[in-house]
Amino acid sequence: FGIAIVGIAVAAVFVVIILAAVYASRFKKVPPDQAMVVYGKAGSKGRAYDIVTGGGRFIVPVVQAYAFMPLDVRTLEVIVTDIVTDVNVSGAKVNIKAVTQVKISSQAALVRVAAEQLLHKTDPEINEIAQKTLEGHVRGICATMTIEDINSDRDKVSQQVQNQAAKDLRNMGIEIKSFVIKEIEDEYGYLDALGVKRTEQVK
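Here is a short report on the structure shown in this document. (Residues numbered from 1 in each chain as written. Predicted model: local features only at pLDDT ≥ 70, side-chain atom pairs only at ≥ 80, totals over all residues. Heavy atoms only, no water.)

For the rest of this paragraph, the subject is the sheet that holds strand β7 (residues 93-104). Strand pairing in a sheet takes place through backbone hydrogen bonds and is either antiparallel or parallel in direction. An order of β6-β7-β8 is seen for the three strands of this open sheet, with the pairing classed as antiparallel. Of all strands in the sheet, those bounded by a partner on one side alone are β6 (74-84) and β8 (174-185). Averaged over neighbouring strand pairs, the angle between their axes works out to 25° when direction is ignored. (Pairing = 2+ DSSP bridges. Helix = DSSP H or I, 4+ residues; strand = E, 2+ residues; numbered from the N terminus. Axes fitted to C-alpha atoms, helices over the stretch in contact; angles between N-to-C directions.)

Structure, rendered in structure tokens:
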């Protein structure tokens, strides 16, 4: 009888150890710069998935799976070439080089949007989506401006790009932190000629 009790106790301890090991292996901690998407079995409020930011979550074996989304800031270069400026004035072509900072939004509603749009995309794919969206808006905005206005009021161009691109990127769960034009150049030296002319006027 005593041996049986010992055997039961040992078995109980063994089961507890196994359960603890399973729990430890299935409890996933979420770093502050990431969001975890838990899917499979219906999530809270009848949703097909849950978003976890911070803390951790036990992933139910078999019925649930998980994936992480990065929420860190991405610094990207945006290079747009052969932009035809306002054809009614000069129609000069310019190349614009800018740097932008974007991230998958930390806002609850936008994280859910990002989960639907971007969850299984790689970092380069997400970066390309943001770059292509911004490039399109840079080209469209500059096409309505003269080369002189673009060159003299870069902050205005940057602000317009941010305002117009923000909606498109939010539809994918991405937000713009900053957009700064670093360089404007043209193939035929139009801007240099403007600079020389202005220098002569000052002299």
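Moving on from the coordinates now.
Right, let's talk about the pattern of salt bridges for a bit. Going through the model one piece at a time under the given rule, you end up with five salt bridges. Note that Glu 135 is salt-bridged to Lys 132, the shortest N-O span being 4.0 Å. You can see Glu 135 and its partner Lys 132 sitting in helix α3 (residues 123-142), three residues apart, about one turn around the helix. Close ionic contact of Lys 177 with Glu 175 constitutes a salt bridge, the shortest N to O distance being 3.5 Å. (Salt bridge = Lys/Arg side-chain N within 4 Å of Asp/Glu carboxyl O.)

Taking 1.5 Å per residue as the helical rise, α3 with its 20 residues ought to reach 28 Å, and the 28 Å between its terminal C-alpha atoms agrees with that figure. Those residues of α3 lying buried are Ile 126, Asn 127, Ala 130, Thr 133, Leu 134, Glu 135, His 137, Val 138, Ile 141 and Cys 142. (Expected span 1.5 Å × (residues − 1). Buried < 20%, exposed > 50% of the residue type's maximum accessible area, 1.4 Å probe, protein only.)

Backbone geometry places Val 62, a non-glycine residue, at a positive phi of 75°. Along the polypeptide, Val 62 turns up in the loop between β4 (56-58) and β5 (64-70). With relative accessibility at 86%, the residue Val 62 sits in the exposed group. Positive phi values are uncommon outside glycine, yet Asp 82 reaches one of about 55°. Within the secondary structure, Asp 82 sits in strand β6.

At a minimum axis separation of 9 Å, α3 and helix α5 (residues 154-170) run at an interaxial angle of 130°. Put simply, α3 runs oblique to α5. Handedness of the α3/α5 crossing: right-handed. Within the contact between the two elements, α3 uses Ala 130, Thr 133, Leu 134, His 137, Val 138, Ile 141 and Cys 142 and α5 uses Val 157, Gln 160, Val 161, Gln 164, Ala 165, Asp 168 and Leu 169. (Parallel < 35°, antiparallel > 145°, perpendicular 65-115°, else oblique. Left-handed = near helix turned anticlockwise from the far one by under 90°. Contact = heavy atoms within 4.5 Å.)

Bringing the packing of aromatic side chains into the picture now. Summed over all chains, the structure comprises three aromatic pairs. Plain terms: the ring middles of Tyr 23 and Phe 27 are 5.8 Å apart, the flat faces sit at 25° to each other, and that makes the pair stacked. Phe 27 sits in the partly exposed class, given a relative accessible area of 30%. These aromatic residues form a ring-pair network of at least three members: Tyr 23, Phe 27 and Phe 58. (Phe/Tyr/Trp six-rings, centres within 6.5 Å; stacked < 30°, edge-to-face > 60°.)

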